[in-house]
Amino acid sequence: MSVELTPGAIGILFSGSQVNNPVLQLLSLRRISSSTGPNRFRLMMSDGQHSSTSFLLVSQLNNLAEENILEPYCVCMLKKTLTNTLADGRRIVVVIALEILQSAEETEGKIGSPTPYGTDDGSPENSGSSTLVSSSAAAPGPSNESSSKYSPPRGSGRGFVGTSPMKASPMMASPMKASPMKTSPMMASPMKASPMKASPMETSTMMASPMKASPMKTSPMTASPMKFSPMKTSPMKASPMKFSPMKATSSSPGSSTKVMPIETLHPYQSRWTIRARVTNKSQIRTWSNSRGDGHLFSFDIVDESGEIRVTAFNKEVDKFFPLVEQGKVYYISKATLKVANKQYTTVKNEYEMSLNAQSSIVLCDDSQGVPALHCDFVPIAELENRENDAIVDVIGVCKSAEDVCRITTKTSREVSKRALSLIDTTGKVVTVTLWGKEAEKFDGSEQPVVAIKGARVSDFGGRSLSASFSSTVTVNPDMPEAFRLRAWYDEDGFALNSQSLTSTWSGSSGMKINWKTLSDVKDESMGQGEKADYFSCVATLLFTRKDSCLYQSCPSADCKKKVIDQQNGMYRCEKCNKEFPNFKYRLILFANLADFGDNQWVTCFQETAEVLLGHTAETLGELKDTDETAFDEVFQKASFTKHIFKSRVKLETYNDESRVKVTVIEVQPLDHREYSRRLLSNIRTLSSCTRDESFQTAAW
């Protein structure tokens, strides 16, 4: 297969211009090791006419070189590149995306007779290549003209920076047009550029609005350094020059930096500005570990092209938290870009932003064209095909909403919780759990349309969703999907015989329909698959191991590890690497449950154990230390009591021994009236099935 290279593409790329999908040949590649980041690969590319070694492969594509997919003499199409200028004026082309059109074996050698690319204005080849990249952290700035060329001030009040010796060349001084200017010879001493003031200038030969500079004639200048004092412009007369900030569609206020789309950002840029709307803002959170304490907050931003997570730490929290408001549009620049940690973010972007001391956030008054939310909605019916813990965006009508309730988390923190039932045009219903302030402020009385960005899929009870603290919940959003959904539901969706993906709960007792007996758990080999199984049962507590149910844990809020008594009044936590003067009691209760058919050993952690025993861990710890008899009575009183146990069952392996472990995740009191009604309903169902089978047998 014959592949034609794009002639002249290398020259165009190094000039800072764009080439649409240039086809180049890889001549060689070399690994650049780094102690501060991932290794990089430097490429020598050819367009058939010229070649250059100033191509750098983005680290996300390192696997192509490491797996020998990218080999010398293969032909590639560069789908996305970025031309960057280093501090000394040399340029490199960062290859962000490419497609291999022809392998090295198919190409069979070099195409054409390319010569090294070079020009007289400090191009890569003539400037030397030994210091092209000092490390992977040497991220150059955006492509622009060489710093040796004069660029007139654009109302920013700055002079110019040049290099010595200076060479006079035609000046393009847009937005000014001037008649030729003659200067007398100048002797130069070390040069300092003082700021030029954009004040009215007077001249008899020049009209200043708008202007364009014609070539400037100069007499020869010696190459020794020069020192400039502030420029005086007499006897010149001109109308005042007016400078106003550029519109937000092209650049940020008071800056010549072009506003860039979020999707084009990556760590290899040093100068950029984006204009985006804040869609979600977290509260200030604190942390404490062996490296110290600190606090942070994060917010998500969106523009027409995509979205990204922004995080501020410590001093930047105090600086930016009062400034950032959800729903408003800001100019953001000079932040640090890094690869996103998907463990802590649901935002669909490969990178995330960190604010630093030089970061800038400026409110933008012009929010036109910036979307309020960037969502990729998944139909509710498709949630059955999504993996557990997948992050999705959903939209639906709230058919019903439970009352808000308070629960205690595993970290002993109380949070608010509310469950919603959402339906969409597929006719499927899914249960969504809201947490915290979202649960408290939600009002489902008028069956609103609810859009949730970043919901987490769970396999608990079939298929359900959880809107975590990093999710964005919008009620009646201003978007076409919401309008179509509202029209559908008001017309005929409300009367649709829908089907729920989540196991339903009956009445006020909160009992699941798909009950299991303890013998069913064993007979059906529950928990033997890759995923855990969940079931509910009515059982009686027979026995508890009280001797080992309490342990002394770390008093830190986010740590549950056991502490070591130092025998000096201090207790050491190995995880936190700290010593504390006190500790907290925590519960791990092993109990034996039984119903009419079988019995089962289960594990109850802090919250469920406290409900089962009717006392907190701290109270039980005090009783164990001060009143052994009262401590025993607590367990005697809990024995032979009947409850509803919602449990998780999973096959686990420890010390090469596999066993089914059942963990109780919730304990509820048994409503005997509701339970009896359910049993009667089951009896009627079984009787009906038995009669039908008898009629069929008689018919045969």
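Since this is a predicted model, take the numbers as computed values, not measurements. (Residues numbered from 1 in each chain as written. Predicted model: local features only at pLDDT ≥ 70, side-chain atom pairs only at ≥ 80, totals over all residues. Heavy atoms only, no water.)

### A closer look at the confidence of the model for the protein chain
Low pLDDT marks stretches whose predicted atomic positions should not be read closely. Put simply, the rule is: By definition, pLDDT measures how confident the predictor is in each residue, and it falls between 0 and 100. Contacts were defined at the residue level, with two residues in contact if any of their heavy atoms lie within 4.5 Å.
For the protein chain, mean pLDDT is 76; residues scoring 70 or higher make up 75% of the total. Counting interchain partners and residues more than four positions distant, the pLDDT-below-50 stretch residues 119–252 has 213 contacts. Taken as a whole, residues 505–513 scores under 50 in pLDDT and shows 22 contacts with residues more than four places along the chain or in a different chain.

### What to know about the nonpolar core
What counts, and what does not: The nonpolar core is taken to be a set of buried Ala, Val, Leu, Ile, Met, Phe, Trp, Tyr and Cys residues, with the residues joined through side-chain atoms within 4.5 Å. Only protein chains enter the area calculation, which uses a 1.4 Å probe; residues under 20% of their type maximum are buried, those over 50% are exposed, and those in between are partly exposed.
Core analysis: the largest hydrophobic core is formed by 40 residues, its most contacted members being F535, L550, L589 and F645. Those residues in contact with F535 that sit more than four places away from it in its chain are K516, L518, V521, M526, F645, K646, S647, V649 and V662. Among the nonpolar cores identified, the runner-up in size contains 31 residues, and V19, L61, L64 and V95 belong to it.

### Thoughts on the packing of aromatic side chains
As a reminder, the rule being used: Stacked, tilted and edge-to-face are the three classes applied to pairs of Phe, Tyr and Trp rings, where Trp contributes its six-membered ring and a pair requires centres within 6.5 Å; stacked means planes under 30 degrees apart, edge-to-face means over 60, and tilted covers the rest. Counting from the N terminus, the helices are DSSP H or I runs at least four residues long and the strands are E runs at least two residues long. Only lysine NZ and arginine CZ atoms are considered, and such an atom sits over a ring when it is within 6 Å of the ring centre and within 35 degrees of the ring normal.
Tallying each qualifying case throughout the model produces 11 aromatic pairs. With centroids separated by 5.7 Å and ring planes inclined at 20°, the aromatic side chains of F14 and Y117 adopt a geometry described as stacked. Linking F14 in helix 1 (residues 9–14) with Y117 in the loop between strand 6 (115–116) and strand 7 (141–142), this pair joins segments that are 103 residues apart in sequence. Overall, Y117 belongs to the buried group, its relative accessible area being 12%. Pairing F631 with F635 gives two aromatic rings, centres 5.1 Å apart and planes at 65°, and the pair type is edge-to-face. Placement of both F631 and F635 in helix 10 (residues 628–638) is noted, with a separation of four residues, approximately one turn of the helix. With respect to class, F631 is no different from F635; both count as buried. These aromatic residues form a ring-pair network of at least three members: F14, F55 and Y117. Against the face of F321 rests K281, its NZ or CZ located 3.8 Å from the ring centre.

### What about the sheet that holds strand 36 (residues 589–594)?
Defined as follows: Two strands are counted as paired when DSSP detects at least two bridges linking them. A fitted line through C-alpha atoms represents every axis, and for helices the fit uses only the stretch in contact; the resulting angles, taken between N-to-C directions, go from 0 to 180 degrees.
Pairing is mixed in the closed barrel, where five strands are placed in the order 30-36-37-39-38. Adjacent strand axes in the sheet meet at a mean angle of 55° when their direction is disregarded. The sheet contact formed by strand 36 and strand 37 (residues 599–604) spans six bridges and is antiparallel. Note that in strand 37 the partner of N592 across the bridge is W601.

### So, the pairing of strand 2 (residues 40–46)
Of all the seven residues making up strand 2, six are buried; the element is thus mostly covered by neighbouring parts of the structure. Both strand 1 (residues 23–32) and strand 2 contribute to a ladder of seven bridges, which runs antiparallel. In the sheet register, Q25 faces strand 2, and the bridge partner there is S46. As paired elements, strand 2 and strand 3 (residues 50–57) share five bridges and run antiparallel to each other. Its bridge partner lying in strand 3, S46 is registered against S51. The hairpin turn running from strand 2 into strand 3, its antiparallel successor, is three residues long, and G48 in that turn takes a positive phi close to 95°.

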